[in-house]
Amino acid sequence: MGSLFRSEEMALCQLFLQSEAAYACVSELGELGLVQFRDLNPDVNAFQRKFVSEVRRCDEMERKLRYLEKEIKKDGIPMLDTGENPEAPQPREMIDLEATFEKLENELREVNHNAEALKRNFLELTELKHILRKTQVFFDEMADPNREDEQVTLLGEEGLRAGGQALKLGFVAGVILRERIPAFERMLWRACRGNVFLRQAEIETPLEDPSTGDQVHKSVFIIFFQGDQLKSRVRKICEGFRATLYPCPEAPSQRREMAMGVMTRIEDLNTVLGQTQDHRHRVLVAAAKNIKNWFIKVVKIKAIYHTLNLFNLDVTQKCLIAECWVPLLDIETIQLALRRGTERSGSSVPPILNRMDTFEDPPTYNRTNKFTSAFQNLVDAYGIASYREINPTPYTIISFPFLFAVMFGDLGHGCLMFLFAAFLVLREKPLAAKKTDNEVWNIFFAGRYIILLMGLFSMYTGFIYNDIFSKSINLFGSHWHTNYNESTVMENKDLQINPSLSSDYDQVPYPVGLDPVWQLALNKIVFLNAYKMKISIIIGVLHMLSGVSLSLYNYRYFKDRLSIYCDFIPQVIFLTFLFFYMVLLMFIKWVSYGPQNDFPDSPACAPSILITFINMVLFKDAVALENCNTVYMFAGQGALQKFLVIVALLCVPIMLLAKPIYIMRQQKDKHVQLVNGHATTENGDAEGAGRVVQQPPPPAGGHDENEIGELFIHQGIHTIEYVLGSVSHTASYLRLWALSLAHAQLSEVLWSMVMTKGLILNSWIGGVWLWFVFGFWAILTVGILVLMEGLSAFLHTLRLHWVEFQSKFYKGLGYAFAPFSFEVILNTASTAVEE
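Rules and cut-offs
- Residues numbered from 1 in each chain as written.
- Predicted model: local features only at pLDDT ≥ 70, side-chain atom pairs only at ≥ 80, totals over all residues.
- Heavy atoms only, no water.
- Helix = DSSP H or I, 4+ residues; strand = E, 2+ residues; numbered from the N terminus.
- Buried < 20%, exposed > 50% of the residue type's maximum accessible area, 1.4 Å probe, protein only.
- Contact = heavy atoms within 4.5 Å.
- Areas by Shrake-Rupley, 256 points an atom, 1.4 Å probe, with all protein chains shown as cover.
- Salt bridge = Lys/Arg side-chain N within 4 Å of Asp/Glu carboxyl O.
- 1 Å grid on protein atoms, 1.4 Å probe; cavity = no way out; pocket = protein on both sides within 12 Å on 5 of 7 lines; lining within 4 Å.
- Points joined across faces, edges and corners; volume = space filled by probe spheres on them.
- Nonpolar A, V, L, I, M, F, W, Y, C, P; charged D, E, K, R; others polar.
- Pairing = 2+ DSSP bridges.
- Phe/Tyr/Trp six-rings, centres within 6.5 Å; stacked < 30°, edge-to-face > 60°.
- Arc of directions from axis to C-beta.

Caption draft 1: Structural context of the overall build of the chain. Within the chain, the regular secondary structure consists of 25 helices and 11 strands. The buried share among the 835 residues of the chain stands at 42%. Sequence-distant contacts, at least 24 apart, represent 82% of the contacts inside the chain between residues at least 6 apart. Accessible surface, the chain: about 46,000 Å² in total, of which carbon and sulfur atoms supply 59%.

See the structure below:
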């Protein structure tokens, strides 16, 4: 088989690169993405490797780029993404990149520092402006003679000067965060025992915090007090609440003069701030044009040096040695890439790529494209295939959407799913360019081809079921007829149509799918129940047989003839003689018992498949039904069934014991041959011969006594799992029947309980009402029947493939091929940045 059905053949190679050409060669291999390097320095600390200083330089450049990116996003400047993929720059270009990033960072930090200082100065002047405006009102209130009693009450009688002189008060003015005002006021009252007078007013417009850039709400306050002791106490409280105090003259003329000076300085600061912001914006716009390409270059440089740290140096310190896994078919492509790298570096020494012999298990590499990658991910989620093990993905591409469609069969719902996936496929390039961190959307987009096939197959099975939004379509005309008059049909619900009468049925099957008249039948669910149950068992047995058959290809490829005789053949016989025979009985019953058969061979005399199978396994004779002469479907059925069961049961001990006993006897024979041969070479040396008998060499096949015991246990577990699993897995496929019926019935209930409510009015109001009902029905259809039911059917289909199908032949004990690829590294880096 080719690489489509198995993983690629891999080769372990040793790569010799001249030190001057190593960087360029690794860069070319990174663009190619077909080489997985091994770490030849597993015991060396990451900080002691050869290129650790270059990696640190790359980390520093990344840090500077992150800083630039943060500032660009803060200003809302779009970063130009041309879709270019620049090559990794040469090592000498790192110095130019470092100088460019250093210059940009220093310039931006200086501009930000100056802007922050200007904003801080602007904030202080703005707060002082509000203080000078608000405090004028406070001073006017304090000068009001009508408030003298209030002042005396607040400050006490000792606050008044002797001899009836006017009250002389000190004051402080400042600004505080608005949310701190209540606590600030309570603290002043308690600490100063009510001997201060606080006035505050809110600043209407929010102010910008120069450190964080957030908008904050503040209030102006002024505190009147008497005495230096209260002054010191008030200042400490203001400091504790982080209130900013400003000088405020007592004389009105001085306040007016200061206010004019503050306004002049604010206007000058606004001009300087505008120029600073314009300069900052120009710097960031220039950086935004190149930052994407800079990121790509730095990531590639860093990845190259990380890879070079996996290499070894030869004794001359002039050659780097690497070991890598490569696909066998791509060795020539890799050699061409190495040659290009050597030419770019200007080296005259060509690289050397040698294949190595190894007993290690190679990594598993399944070549995929945008269509098959989603299906391959489904298989890999169960487990990475062992090296050169048969790949289930090509079969899953067909079987997965088909089994899903059996459960989800509805022409309308499948069409909705197909149209959604078709939109994703047709618009995949622009949608892929719009990277988003919405996990649900990313899952749908990644599985667009799976959804496309699931919708297409669901349309097919919905056509076979003749089911579209719980209704049927009459394409070919019903083959059933009724001989009742119209009044009888309208008044009686339990009328029956006899398929054995030519007057009621044309005796010609409906061309494709189900006859639409079943939509009106009261026994529709009874008919579909038996029909879909049998179809599920037939599909399940065929699916499992195909899985067992695929194991033969594995055994033949790995030349494991013992497993063919001891595992595959008895497994096929067991599954065929029991469960495939049951499938054949279903077809025999469908063919042998038609509607026109008379007693005792009428459909009422048709034996139950389930009862027949149970009696067959229990070696019980079938019992004839009342008024029926025959108990079997064909002559010799009873004897044949006993023979099939006996042969199937004989396969169980073969699966259980044949392989371990054969291996054990084979090892004993080899062991005796080795002992006899060794004794002959000793030729008369009794002591030597005695030593040979006492200390025989190890068995040649690699199985000692403990491993033979483990083989018995492993084979026993495998046999029990297969025998019991054949029963449980066959029953597991009944989920196809159950979910199909559930989906059809839920769709019918939604139509009858919602959509029909919009068809009860005949006037123009009914048309408007129908629009609202249809919208509600459409939302429920998409939300419940398409999304929720679709997810349920998807998970059940996944289980059928992982457990019932892949367990028959797929071990999944390998590890994935992880090549050094710039594309993968850049995608991972961009995902990390978005998160």
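Caption draft 2: Representation of the pattern of salt bridges in the model. Within this structure, the stated rule accounts for 30 salt bridges. The closest approach of N and O atoms between Arg-340 and Glu-28, which form a salt bridge, is 3.4 Å. On the criterion of sequence distance, the pair formed by Arg-340 in helix H9 (residues 331-345) and Glu-28 in helix H1 (residues 19-32) is long-range, its members being 312 residues apart. Salt-bridge contacts for Asp-330 lead to Arg-367; the nearest nitrogen and oxygen are separated by 3.0 Å.

Caption draft 3: Here's a closer look at empty space enclosed by the protein. Scanning the entire structure with this criterion turns up 5 cavities of 30 Å³ or more. Sorting elements by how many residues they give to the lining of the largest cavity places helix H17 (residues 524-557) first, with 3 residues. Partitioned by chemical class, the residues of the lining of the largest cavity number 6 nonpolar, 3 polar and 4 charged. Taken as a whole, the second largest cavity encloses approximately 50 Å³ of empty space. As for the second largest cavity, its lining consists of Asn-615, Met-616, Phe-619, Lys-620, Asp-621, Tyr-632, Gly-638, Gln-641 and Lys-642.

Caption draft 4: View of the pairing of strand E1 (residues 10-18). For E1 and strand E10 (residues 319-327), the ladder comprises 9 bridges, and the chain directions are antiparallel. When the bridges of E10 are listed, Leu-15 appears paired with Ala-322. Alignment of E1 against strand E11 (residues 352-356), held across 5 bridges, turns out to be antiparallel. Across the sheet, Leu-15 pairs through a bridge with Leu-353, a residue of E11.

Caption draft 5: Structural context of the packing of aromatic side chains. All chains considered together, the criterion is met by 32 aromatic pairs. Here the aromatic rings of Phe-184 and Phe-241 are separated by 5.4 Å at their centres, their planes lie at 70 degrees, and the arrangement is edge-to-face. In this pair, Phe-184 is assigned in helix H5 (residues 181-191) and Phe-241 in the loop between helix H6 (228-240) and strand E8 (244-246), connecting sequence segments 57 residues apart. Phe-241 shares its class with Phe-184; the two are buried. Aromatic pair Tyr-365 and Phe-817: ring centres 4.9 Å apart, planes at 50 degrees, arrangement tilted. A residue pair is termed long-range when its members are at least 10 positions apart, and Tyr-365 in the loop between E11 and helix H10 (372-382) and Phe-817 in the loop between helix H24 (764-805) and helix H25 (822-834) qualify at 452 residues. For the pair Tyr-365 and Phe-817, a shared accessibility class is recorded, and that class is buried.

Caption draft 6: Summary view of H5. The set of residues buried in H5 consists of Ile-181, Phe-184 and Leu-188. Looking straight down H5, one finds its buried side chains confined to an arc of 65 degrees; they lie on one side. In this structure, H5 carries Trp-189 and Arg-190 as exposed residues pointing more than 90 degrees from its buried face. Those residues of H5 hidden inside the fold are in contact with strand E3 (170-177), strand E4 (197-202), strand E7 (218-225) and H6. Positive backbone phi, approximately 55 degrees, marks Arg-193, located one or two places after H5.

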